[in-house]
Amino acid sequence: MGSYKDIIFERKPPVAWVTFNRPDKLNAISLTLIEELGDVLDKLWNDEEIRVLVLTGAGDRAFCAGADITMFQGKSPHTMFHIIRKIVEVTEKMEKFPKPIVAAINGFALGGGCELAISCDFRIATDKSAFGQPEIRLGLIPGAGGTQRLSRLIGLGRAKELCMLGDRISAEEAYRIGLVNKVVPADKFQEEVQKFVNRLAEGPPVALKMAKYACNFGTQVPLDVGLVLESGVFGILFGTQDMVEGTSAFLEKRQPKFFGK
Ligand code: COA
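The structure reproduced in this document is the subject of the present report. Each residue is numbered by its place in its chain's sequence as written, counting from 1. Local features in this predicted model are restricted to residues whose pLDDT is 70 or higher, and side-chain atom pairs enter the listing and the counts only when it is 80 or higher, whereas totals over whole chains, interfaces and linings include all residues. Side-chain measures were taken over the full set of non-hydrogen atoms in the model, leaving aside hydrogen atoms and water.

1. Details of the environment of Val54
Helix and strand labels come from DSSP, where a helix needs a run of H or I of at least four residues and a strand needs a run of E of at least two; each type is numbered from the N terminus. As for its placement among the helices and strands, Val54 is situated in strand β3 (residues 52–57). Apart from the residues lying within four places of it in its own chain, the contact partners of Val54 are Val15, Ala16, Trp17, Val18, Val102, Ala104, Val193 and Val197. Pairs of residues are marked as contacts when any of their non-hydrogen atoms sit within 4.5 Å.

See the structure below:
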C-alpha cells in the first residue's frame, strides 16, 4: 500500500507494517527511507483504526545495517549535520507517536538500525539477530541517539562498551542486557511477533498512549516532576469510556473490549 521506494507500507487494521526494503544493502538507511518512514508516521498519527505499528526488514539477513555509508562520502560537516538531524527527527517522532511501535528484528540491527530499534517501544528479535554500534570503527560515533538512548535503556557502562568498542553482540546477549524484550527462534518469528502485536492491539489505546508518554517523557525530568506528570495522566484516563469498560469487565468477570475513547 502507498507508493514508496525504500519501504513497503502495509495497512492492515488494527496493525500497520513498515518493511525497510533495501535487502541488497542490508536495508541500510537512505534519505528516502527515512523520509518515507516519517511520512508513514504522519499518515498514521490520527488513524484510529491502527493501534500498533511494526517496523521490520526485508529479507532474512537484516533489520537494518545502519546509515548508508555511501552517503557519508564528500559531505561537509554542515551538510552531514542536517542529514543526521533528519534521522534524529524521525526517531523523536517515533517516541512521540501516539501508539506503540514494535521493532521486529530479523538479522543485523547495527548503527542507525540499532538506533531505530531503540526508538521503538518494544524489540522482538530472532535468535540469529546481532546488534551493535560499529560507528567507532569508521572513526565516528553513533549519531541518531545511540549514545543517549542506549545509555538510558541499558545503562552507561554497557552503552559505552557498545559505542566505544564497536563489537557486535548476539540476540541472547542483547536480551541479557535489556536491549531487546524477547528473543524467538527464527522459524517462529512471524507467529511470535503477531502474538505480541495482537496483545498490544487489544489494549486500551488512550491508556497505552499515556503509558508511553509517561515512560518516555516522565523519565527526562526530576522524579518528583515525573511523578506529578504520571498522576496527571492517570487522572485524565478517568475521562475515558475504556476505563469504565476495563473496570466494569473486571467486576463482571469478562474480557474487556476497548474502543480508544
Ligand atoms: N551502508 C551501505 N551499504 C551497506 C551497509 C551500510 N551501512 N551495510 C551493508 N551494506 C551493503 C554492503 O556494502 C554490500 O553491498 P554490495 O553487495 O553492493 O557490496 C551489501 O550491503 C551486503 O553487505 P556485506 O558487507 O557484503 O555483507 P556481510 O555479510 O559480509 O557483512 C555486515 C554484513 C553487516 C557485517 C557488514 O555489511 C557491515 O559491517 N555493514 C556496515 C555496518 C555499519 O558500520 N553500520 C553503521 C553505519 S554508520
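Following the structure, the description resumes.
2. Considering the packing of helix α1 (residues 31–44) against helix α2 (residues 77–96)
Interhelical geometry of α1 versus α2 gives an angle of 30° and a closest axis separation of 10 Å. In terms of their interaxial angle, α1 and α2 are classed as roughly parallel. Classified by chirality, the crossing of α2 by α1 is left-handed. Contacts from Leu31, Ile34, Glu35, Leu37, Gly38, Leu41 and Asp42 of α1 reach α2 at Ile83, Lys86, Ile87, Val90, Lys93 and Met94. Each residue is assigned to one class: nonpolar for Ala, Val, Leu, Ile, Met, Phe, Trp, Tyr, Cys and Pro, charged for Asp, Glu, Lys and Arg, and polar for all the others, Gly among them. Residues belonging to the contact of α1 with α2 are distributed by class as follows: eight nonpolar, one polar and four charged. Axis lines are fitted to C-alpha atoms, over the contacting stretch for helices. Their N-to-C directions set the angle, which ranges from 0 to 180 degrees. Here the angle decides the label: under 35 degrees means roughly parallel, over 145 means roughly antiparallel, 65 to 115 means roughly perpendicular, and every other value means oblique. What makes a crossing left-handed is the near helix being turned counterclockwise from the far one by less than a right angle; a clockwise turn instead makes it right-handed.

3. Concerning the site of the ligand
Put simply, a residue is near a molecule or strand once any heavy atom of it comes within 4 Å of that molecule or strand. Around the ligand sit 16 residues, and of these Lys25, Arg61, Ala65, Ala67 and Ile69 come closest. Here a nitrogen atom of the ligand sits 3.0 Å away from a polar atom, N or O, in the main chain of Ala65. Ile69 places a main-chain nitrogen or oxygen 2.9 Å from a nitrogen atom of the ligand. Here the accessible surface of atoms and residues is derived via Shrake-Rupley with a 1.4 Å probe, and residues count as covered only by protein chains that are part of the display. Its free accessible area being 860 Å², the ligand has 61% of it covered by the protein chains. By residue class, the composition of the shell around the ligand is ten nonpolar, no polar and six charged. Whenever a nitrogen or oxygen atom comes within 3.5 Å of another N or O atom, the pair is scored as a polar contact, on the condition that within protein one atom can donate a hydrogen and the other can accept it, and that pairs from neighbouring residues in sequence are kept only if both atoms are in side chains.

4. Digging into helix α8 (residues 205–218)
Take the residue count of a helix, subtract one, and multiply by 1.5 Å to get its expected span. Compared with an ideal rise of 1.5 Å per residue, which puts 14 residues at 20 Å, α8 spans 19 Å between its outermost C-alpha atoms and is within 8% of the ideal. Where α8 is concerned, the buried positions are Val206, Met210, Lys212, Ala214, Asn216 and Gly218. In the core, the buried residues of α8 are packed alongside α2, β5 (101–105) and α9 (223–236). Throughout this description, buried means an accessible area under 20% of the type-specific maximum (1.4 Å probe, protein chains only), exposed means over 50%, and partly exposed covers the range between.

5. Concerning the packing of helix α3 (residues 112–119) against helix α4 (residues 146–154)
Close contact between α3 and α4 brings their axes to 10 Å; oriented N to C, the two are set at 50°. As the angle between them shows, α3 and α4 are arranged oblique. You can see that α3 and α4 cross each other, and the crossing is left-handed. Taken together, the residues of α4 that come into contact with α3 (itself represented by Glu115, Ile118 and Ser119) are Gly146, Arg149, Leu150 and Leu153. Taken together, the residues that form the contact of α3 with α4 break down as three nonpolar, two polar and two charged.

6. Notes on the sheet that holds strand β9 (residues 169–170)
In this analysis, strands are considered paired if DSSP registers two or more bridges between them. Spatially, four strands are ordered β4-β6-β8-β9 in an open sheet, and the strand pairing comes out mixed. Whereas interior strands pair on both sides, the edge strands pair on one side only; in this sheet they are β4 (62–64) and β9. Alignment of strand β6 (residues 108–110) against strand β8 (residues 130–132), held across three bridges, turns out to be parallel. From the neighbouring strand, Ala109 faces β8, where its bridge partner is Phe131. Here α3 sits on the sheet in contact with β4, β6 and β8, set at roughly 90° to β6.

7. Side note on the pattern of salt bridges
For this analysis, a salt bridge means a side-chain nitrogen from Lys or Arg found within 4 Å of a carboxyl oxygen belonging to Asp or Glu. Counted under the stated rule, the structure contains 20 salt bridges. Among the salt bridges present, the one from Arg158 reaches Glu161, with a minimum N-O distance of 3.6 Å. You can see Arg158 and its partner Glu161 sitting in helix α5 (residues 156–165), three residues apart, about one turn around the helix. By relative accessible area, which is 33% here, Arg158 ends up partly exposed. For Glu161, a relative accessible area of 43% translates into the label partly exposed.

8. Description of α5
Of all the positions in α5, only Ala159, Leu162 and Cys163 are classed as buried. Projected onto a plane normal to the axis of α5, the buried residues spread over an arc of 90° and lie on a single side. The outward face of α5, more than 90 degrees from its buried face, is lined by the exposed residues Gly157, Met164 and Leu165. Packed against the buried residues of α5 are α4 and β9. Two residues or fewer past α5, Gly166 is found with a positive phi of approximately 75°. Picture the helix axis, draw a direction to every C-beta atom, and the arc is the one those directions span.

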